[in-house]
Amino acid sequence: MINQSFAQNEKLTCDDWHNRVDSNTPLNLGGISNKSEDEINYGIGCLLQLEGKKEDSNVEGATRGEVSQLFGATSKEVAALYYISYLFYQKWDHADAPFLVGKDEKLNSNKTVCNAYKSYRKWFKKVKEIGLEEARKQKLNPLDGSDVSWY
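The structure contained in this document is the topic of the report that follows. Owing to the predicted nature of the structure, the values given are computational and were not obtained by experimental measurement. (Residues numbered from 1 in each chain as written. Predicted model: local features only at pLDDT ≥ 70, side-chain atom pairs only at ≥ 80, totals over all residues. Heavy atoms only, no water.)

1. Some thoughts on the state of the cysteines
Piece 1. Under the definition given, this model contains one disulfide.
Piece 2. Across the disulfide from C14 sits C46; the S-S distance is 1.9 Å. The sign of the -75° torsion about the S-S bond sets the C14-C46 disulfide as left-handed. Taken together, the residues C14 in helix α1 (residues 14-19) and C46 in helix α2 (residues 37-47) connect sequence positions 32 residues apart.
Piece 3. Accessibility expressed as a relative area gives 17% for C14, which makes it buried.
Piece 4. Overall, the relative accessible area of 1% leaves C46 in the buried class. (Disulfide = S-S within 2.5 Å. Helix = DSSP H or I, 4+ residues; strand = E, 2+ residues; numbered from the N terminus. Buried < 20%, exposed > 50% of the residue type's maximum accessible area, 1.4 Å probe, protein only.)

2. Structural notes on the environment of K126
Piece 1. One can find K126 in helix α4 (residues 110-130).
Piece 2. Between the C-alpha atoms of K126 and C46, which are 80 residues apart in sequence, the distance is 17 Å.

3. Re the packing of α2 against helix α3 (residues 76-89)
Piece 1. Here α2 crosses α3 at 165°, and the two axes come no closer than 9 Å. By the angle class used here, α2 and α3 are roughly antiparallel. Judged by the sense of rotation from one axis to the other, the crossing of α2 with α3 is left-handed. Counted together, I40, I44 and L47 of α2 and A80, Y83, I84 and L87 of α3 form the full contact between these two elements.
Piece 2. Partitioning the contact of α2 with α3 into residue classes produces seven nonpolar, no polar and no charged. (Axes fitted to C-alpha atoms, helices over the stretch in contact; angles between N-to-C directions. Parallel < 35°, antiparallel > 145°, perpendicular 65-115°, else oblique. Left-handed = near helix turned anticlockwise from the far one by under 90°. Contact = heavy atoms within 4.5 Å. Nonpolar A, V, L, I, M, F, W, Y, C, P; charged D, E, K, R; others polar.)

4. Examining the layout of surface pockets
Piece 1. Here the largest pocket is characterised by a volume of approximately 200 Å³.
Piece 2. Lining the largest pocket, in full, are K118, S119, K122, W123, K126, L140, N141, P142, D144, G145 and S146.
Piece 3. Grouping the amino acids of the lining of the largest pocket by side-chain chemistry returns three nonpolar, four polar and four charged. (1 Å grid on protein atoms, 1.4 Å probe; cavity = no way out; pocket = protein on both sides within 12 Å on 5 of 7 lines; lining within 4 Å. Points joined across faces, edges and corners; volume = space filled by probe spheres on them.)

5. Things to note about the nonpolar core
Piece 1. Counting 40 residues, the largest nonpolar core has L81, Y83, L100, W123 and W150 as the members making the most contacts within it.
Piece 2. Broken down by secondary-structure element, the contributors of at least two residues to this core are α1, α2, α3, α4 and α5 (132-137).
Piece 3. Per-element accounting of this core gives the leading share, ten residues, to α3.
Piece 4. Ignoring anything within four residues of it in the chain, the contact list for L100 reads V78, L81, K106, L107, N108, T112, V113, A116, L143, V148, S149 and W150. (Core = buried A, V, L, I, M, F, W, Y, C linked by side-chain atoms within 4.5 Å.)

Take a look at the structure:
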């Protein structure tokens with residue numbers, strides 16, 4: 001079940017952002033449009049801390065109805081990157097499923113996830129330099145040049 005309630009003026013801590021992808025918490029997609037650029041940047045920084053968290057998240061399944069493959073829960077570290085993309089694109093179904101694919105074509109392999117985190121960190125540095133709105137205008141892709149893509 002997806003929880004879409006979110007207090008308009010709520011200030012989130014890193015623990016709150018981490019809980020956004022925790023398997024013990026209902027998936028919460030609400031209130032993002034109410035967040036300032038500083039709050040979104042803070043959330044992205046917090047979610048980037050989840051690299052190495054291999055346990056299951058609350059993010060699972062295909063994000064679009066036309067995808068016929070079944071998916072279980074993705075890892076917390078991958079769910080964090082998927083949620084970051086949601087914050088940036090403001091669209092949950094920006095990929096067919098919350099799984100990363102690398103050159104080896106395996107879903108969420110260690111090397112693929114590591115490369116994705118490197119790419120997201122590089123992208124986030126650029127986003128902070130030019131601003132979130134400008135990055136959106138330029139359609140900066142967090143995975144550009146990484147040989148990694150979302151499923």
